[in-house]
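Structure at a glance
Each chain, written out:
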Amino acid sequence: MPAPSDTQTLHDQHGRYPEATTVEDFRHNLTVIQARIDAACHRVGRDPATVRLLPVSKTKPETSLRLAHAAGCRMLGENKVQEAHRKWEAMQDLTDLRWSVIGHLQTNKAKLVARFAHEFQALDSLRVAEALDRRLHLEGRSLDVFVQVNTSGEASKYGLPPEEVPAFVQALPAFSALRVRGLMTLALFSSEAERVRQCFVLLRSLRDRLWQSAPAGVGLDELSMGMSGDFEIAIEEGATVVRVGQAIFGARPLPDSHYWPGEPSTEESQP
Ligand SMILES: *Cc1c(COP(=O)(O)O)cnc(C)c1O
């Protein structure tokens, strides 16, 4: 059995995943990903049931999302609020389909998230927490949230710097409609597996330290980390949620800098 330290990133695959066009394609891709999740878990002695696969459907058309649903997906991740809201409205007939918003949120779009999302993984400011909480109370809803942490040190990435997370977490019980579940990060986008791994190690060790002092009602069990190119490394380092798009749905036509608004396309993030 290969050692975890041998696990490589698959970022060179980026943009080359074949498009899934049938339910069978989706079933096949989901089976392959699940087998890779299981194998990563076994390498480090984890139970695969402790890792949730979140399929990420951003930029994909409604027809693809419906195929994914038919193949068994019951929660989909989207990084742009308006796109997610539009898809939610168009797919109201799929009553068991839930939505996770995984991208940066502007305060003025909090009301959209409060209306339909089940989970929000990119909380990184008290202003957004406050806006979400207020809108959720108006809607009579609550929301699972993850605090996004910038573990790569890249100025272009969203998320709180690690040193600001402890005080931020202490402030969250004030927002009673937010159910804090854990931390989320995007690792460095690099083919250097060791540097990618360090981002995941940082998130986990930050969480482990915070666990002692977390206020009542703030859950930190979840670590959302890892995507198509690096989810196996993330699992080896403790991920409980992996967000996988291209390896399930197929490649996106444009580089990620296009979908992560405000993120400049640098050599570092687009090797
Ligand atoms: C797009 C996206 C993912 C999934 O990336 P893939 O390369 O498609 O697996 C994960 N997390 C976030 C925040 C994303 O925006």
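Residues numbered from 1 in each chain as written. Predicted model: local features only at pLDDT ≥ 70, side-chain atom pairs only at ≥ 80, totals over all residues. Heavy atoms only, no water.

This paragraph deals with the side chain of S224. Topologically, S224 is positioned in strand 7 (residues 222–224). Looking at S224, its side chain comes within polar contact range of the side chain of R243, at 2.9 Å. For S224, the contacting residues outside a window of four places in its chain are Q121, F146, L183, M184, T185, L203, V241 and R243. (Helix = DSSP H or I, 4+ residues; strand = E, 2+ residues; numbered from the N terminus. Polar contact = N/O pair within 3.5 Å; in protein donor to acceptor, adjacent residues only side chain to side chain. Contact = heavy atoms within 4.5 Å.)

So, about the nonpolar core. F120 and L132 are the most contacted members of the largest nonpolar core, which has 75 residues in total. With residues up to four places along the chain from it excluded, the contact list for L132 reads L105, A110, V113, A114, F120, L143 and L178. One finds L54, M75, F146 and V241 within the second-largest nonpolar core, a separate group that totals 7 residues. (Core = buried A, V, L, I, M, F, W, Y, C linked by side-chain atoms within 4.5 Å. Buried < 20%, exposed > 50% of the residue type's maximum accessible area, 1.4 Å probe, protein only.)

Here we take up the state of the cysteines. Under the defined criterion, the tally for this structure stands at 0 disulfides. This cysteine, C73, is not joined by any disulfide, and C41 carries the nearest cysteine sulfur, 18 Å off. (Disulfide = S-S within 2.5 Å.)

Okay, unusual backbone geometry next. Here T59, not a glycine, exhibits a phi torsion of approximately 70 degrees, which is positive. With respect to the element layout, T59 can be found in the loop between strand 1 (52–55) and helix 2 (62–70). Classification of T59 as partly exposed rests on a relative accessible area of 30%.

Okay, the environment of K87 next. Position of K87 among the secondary structure elements: in helix 3 (residues 81–90). On a C-alpha basis, the gap between K87 and R134 in space is 24 Å, while along the polypeptide they are 47 residues apart. Ignoring any residue separated from it by four or fewer positions in sequence, one finds K87 in contact with S57, K58, T59, K60, L65, E78 and W99. Here the side chain of K87 touches E83 through a polar contact of 2.7 Å, side chain to side chain.

Once that is clear, we can look at the pairing of strand 3 (residues 98–101). Consecutive residues of a regular strand have side chains that alternate between opposite faces of the sheet. Of the strand pairs in this sheet, strand 2 (residues 75–78) and strand 3 are connected by 4 bridges, and their pairing is parallel. By the bridge assignment, L76 is partnered in strand 3 with W99. Between the parallel elements strand 2 and strand 3, the chain passes through helix 3 in a crossover that is right-handed. The pairing of strand 3 with strand 4 (residues 119–123) spans 2 bridges and is parallel. In the strand pairing of strand 4, S100 is matched with E119. (Pairing = 2+ DSSP bridges. Right-handed = clockwise from strand over helix to strand, strands pointing away.)

The next point concerns the confidence of the model for the protein chain. Per-residue pLDDT for the protein chain has a mean of 92; in total, 92% of the residues score no lower than 70. Of the regions scoring below 50 in pLDDT, residues 263–271 engages in 18 contacts with residues more than four places distant in sequence or in other chains. (pLDDT = per-residue confidence, 0-100.)

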